[in-house]
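# Descriptive analysis of the structure
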Amino acid sequence: LGHLGCRRATPRAAMGCAPSKAATTEARAVAPSYRPTLASDEQEYAELSEKLFSNAGKARTLKQNEVLIEEGKMTLSFFYIREGEVSLIKKSADGTPDKQIAKRSKGNIIGEMSFLTGEAPGVTIIAKSPTVSVWEVEHSRVLAQLQSNPHDLGLLFKMMATYLGDRISE
């Protein structure tokens, strides 16, 4: 069993996760001009996210420059940003200054890769706004909630898949 309590799937190559260039081109040709979502608009999506994360998480407020997640240090939570902005910082191994690689703000999920993969975070996340409000969602608590409510499980993984897809296209 994997760390989410699911049976491990077949190797990625066997699942067709790396389509050929022809298949990718064909998929683009028939792709709709909009992406269907579980919500009809951004406001409804935000309300669904807030509901899901508030049920499984606890409110937390950070002050400017407070570290939320530390690179390489295991975390037992992921976070939904309710208000404010954070910076994702890649620590330097060679003594050069650390590098800000991205910013995230209201409506973004952070720390979800550790939840999905069970690995330590690859970046440090620091509050950049004077205050940052988040829902802190403990892995064990959200897993218990999702096991008892399959609809929320679908919503969470749809949100994460959409979010990760958007990140890849950045």
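Rules used throughout
Residues numbered from 1 in each chain as written. Predicted model: local features only at pLDDT ≥ 70, side-chain atom pairs only at ≥ 80, totals over all residues. Heavy atoms only, no water. Pairing = 2+ DSSP bridges. Helix = DSSP H or I, 4+ residues; strand = E, 2+ residues; numbered from the N terminus. Axes fitted to C-alpha atoms, helices over the stretch in contact; angles between N-to-C directions. pLDDT = per-residue confidence, 0-100. Contact = heavy atoms within 4.5 Å. Phe/Tyr/Trp six-rings, centres within 6.5 Å; stacked < 30°, edge-to-face > 60°. Buried < 20%, exposed > 50% of the residue type's maximum accessible area, 1.4 Å probe, protein only. Salt bridge = Lys/Arg side-chain N within 4 Å of Asp/Glu carboxyl O.

Moving on, we come to the sheet that holds strand β2 (residues 67-69). With antiparallel pairing, the four strands of this open sheet are ordered in space as β2-β7-β4-β5. Of all strands in the sheet, those with a lone pairing partner are β2 and β5 (99-105), marking the two edges. Averaged over all pairs of adjacent strands, the angle between their axes in this sheet comes to 30 degrees, without regard to strand direction.

Across the protein chain, pLDDT averages 75, with 72% of residues at or above 70. Ranking the elements of the protein chain by mean pLDDT puts helix α1 (residues 12-15) last, at 35, and strand β7 (residues 124-127) first, at 97. Across residues 1-39 the pLDDT falls below 50, and counting only partners more than four positions away or on other chains, this stretch makes 28 contacts in the model.

This part is about the packing of aromatic side chains. As enumerated under the stated definition, the model contains one aromatic pair in all. Plain terms: the ring middles of F78 and F115 are 4.9 Å apart, the flat faces sit at 45 degrees to each other, and that makes the pair tilted. A residue pair is termed long-range when its members are at least 10 positions apart, and F78 in strand β3 (residues 77-83) and F115 in helix α4 (residues 112-117) qualify at 37 residues. Overall, the relative accessible area of 0% leaves F78 in the buried class.

Our focus in this paragraph is the sheet that holds strand β1 (residues 57-63). Spatially, β1-β8-β3-β6 is the arrangement adopted by the four strands of the open sheet, whose pairing is antiparallel. Taken across any chain shown, the strands that pair with only one partner, and hence form the sheet edges, are β1 and β6 (109-110). Of the pairings in the sheet, the one linking β3 to strand β8 (residues 131-138) comprises six bridges and is antiparallel in character. Directly across from I81, in β8, lies its bridge partner V134. Those strands touched by helix α5 (residues 139-148) are β1, β3 and β8, and its axis lies near 60 degrees from that of β8.

Of all residues except glycine, most have a negative phi; of all peptide bonds, most are trans. Residues other than glycine seldom take positive phi values, yet N65 does so here, at roughly 75 degrees. Within the secondary structure, N65 is located in the loop between β1 and β2.

Per the stated rule, a full pass over the model turns up five salt bridges. A salt bridge links E136 to R60; its shortest N-O distance comes to 3.4 Å. You can see E136 sitting in strand β8 and its partner R60 sitting in strand β1, a full 76 residues away along the chain. Overall, the relative accessible area of 25% leaves R60 in the partly exposed class.

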